[in-house]
Amino acid sequence: MLANNLTMILVMERAIHITKLENLERWNYRYQRIYWGAEFCQNLIPEIEETEKVLRFVEDRNLSFTLVTPFVTERGLEKLEEIFEWLKANRASCEIVVNDWGVLEMLRRDNGFFKIALGRLLTRQQRDPSIKKLLKKQLPTAVKTKDDKIIIYVHRVPAKSYQTGIKKSYLNSKSAQDFLSRLGVERVELNNIIQGLNVEGLYLRKSLYTPYINISTTRFCPMETKYQKIYRINVCKKECQARYDELRNKGISKVIYKIGNTTFYRNPVKISGAINFGVDRIVYQLLNC
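A. Local environment of the overall build of the protein. A count of helices and strands for the protein gives ten helices and 14 strands. The dimensions of the protein, computed from C-alpha atoms along their principal axes, are 70 × 60 × 35 Å. Contacts in the protein between residues far apart in sequence, at least 24 positions, make up 64% of those at least 6 positions apart. Of the roughly 15,800 Å² of accessible surface on the protein, 51% is carried by carbon and sulfur atoms. Side-chain charges in the protein split into 48 positive and 31 negative, and the spacing between the mean points of these groups amounts to 10 Å.

B. Region of the structure containing the sheet that holds strand 2 (residues 33-36). Spatially, eight strands are ordered 1-2-3-4-5-8-9-14 in a closed barrel, and the strand pairing comes out parallel. Strand-to-strand twist across the sheet, computed as the mean angle between neighbouring axes with direction ignored, equals 25 degrees. Taken together, the five bridges between strand 1 (residues 13-18) and strand 14 (residues 281-285) define a ladder with parallel strand orientation. Bridge pairing in strand 14 links His-17 to Gln-285.

C. Focus on the pairing of strand 8 (residues 185-191). Most of strand 8 sits out of view: six of its seven residues are buried. Note: strand 5 (residues 115-118) against strand 8, three bridges, orientation parallel. Bridging across to strand 8, Ala-117 finds its partner in Arg-187. As judged from the five bridges shared by strand 8 and strand 9 (residues 205-210), these two strands associate in the parallel manner. Residue pairing across strands places Leu-190 opposite Leu-208, the latter belonging to strand 9.

Reading the values: the criteria
- Positions within a chain are numbered from 1, following the residues in the order the chain's sequence is written.
- Only residues with pLDDT of at least 70 are given local features in this predicted model, and only at 80 or more are side-chain atom pairs given and counted; all residues enter the totals for whole chains, interfaces and linings.
- Only hydrogens and water are set aside when side-chain values are computed; all heavy atoms of the structure are taken into account.
- Helix numbers and strand numbers start at the N terminus; a helix is a DSSP run of H or I with at least 4 residues, a strand a run of E with at least 2.
- The criterion used for residue contact is that any of the two residues' heavy atoms lie within 4.5 Å.
- The protein chains shown are the only cover counted for residues, whose accessible areas, like all others here, come from Shrake-Rupley with a 1.4 Å probe.
- Charged residues are defined narrowly, with Lys and Arg counted positive, Asp and Glu counted negative, and His plus the chain ends left uncounted.
- Here the site of a charge means atom NZ of a Lys, CZ of an Arg, CG of an Asp or CD of a Glu.
- Here, any two strands with at least 2 DSSP bridges between them count as paired.
- Simply put, an axis is a line fit to the C-alpha atoms, just over the touching stretch for a helix, and the angle between two N-to-C directions goes from 0 to 180 degrees.
- Buried means the residue's accessible area, taken with a 1.4 Å probe over protein chains only, is under 20% of the maximum for its type, while exposed means over 50%, and partly exposed covers the values in between.

Have a look at this one:
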């Protein structure tokens, strides 16, 4: 068993995820792959000129390349189509992370030119950071009502079936995996969720992100300029690439990071644990990427 673990450690691929060119300087030789592009916002889809520079960086260092795509409207879909056509015209060896079913359908028509990975927005894990507290024993809580009555709330630990199920997603279903495979999906992108992973029966190849877990995403971005309040999603000056907010709540043990239209919490991956789950790629994510 020890020999098998050593073999898996040797083949564990490491990737770094970036969304802006200046962060290429964060790359070092511990990473064998570059993840490039926006995961959660179509306003951050890179320009072809930027993608060309990243590809040149990748080729010069003999690295592997993954293009990350977000959920999109028709406007974003058109922009992604331009990038895909450019990549095909230049015969670029590329993997695509998909976070939109429409994008997956577009890629399916390309007859396997790109390798496809199902992104974190579509793997649908339970990502609430307060779940871990729910699974533990808690002392009874007394609450005083307006009419001076005392109500005692007693927390009951969920059944083992719930505790096991909350660590899974629909991907544990063989029929779901077979369906995704027919659409060309070869890999799934996973969060290191706080309640623990259960990948029983998950035969697709697996990537695990560290240290940030995405909690929720919205079309409306509270970080955008004052014009956002008037024009909604049509105005963006990419403020999220320069700053982020930290949120704290007594009921949640984790600091919440609000970056653009998405919130995150930290839960770093232990390589030994990732190996036990059959993960063959670790994706290191930067704040503001």
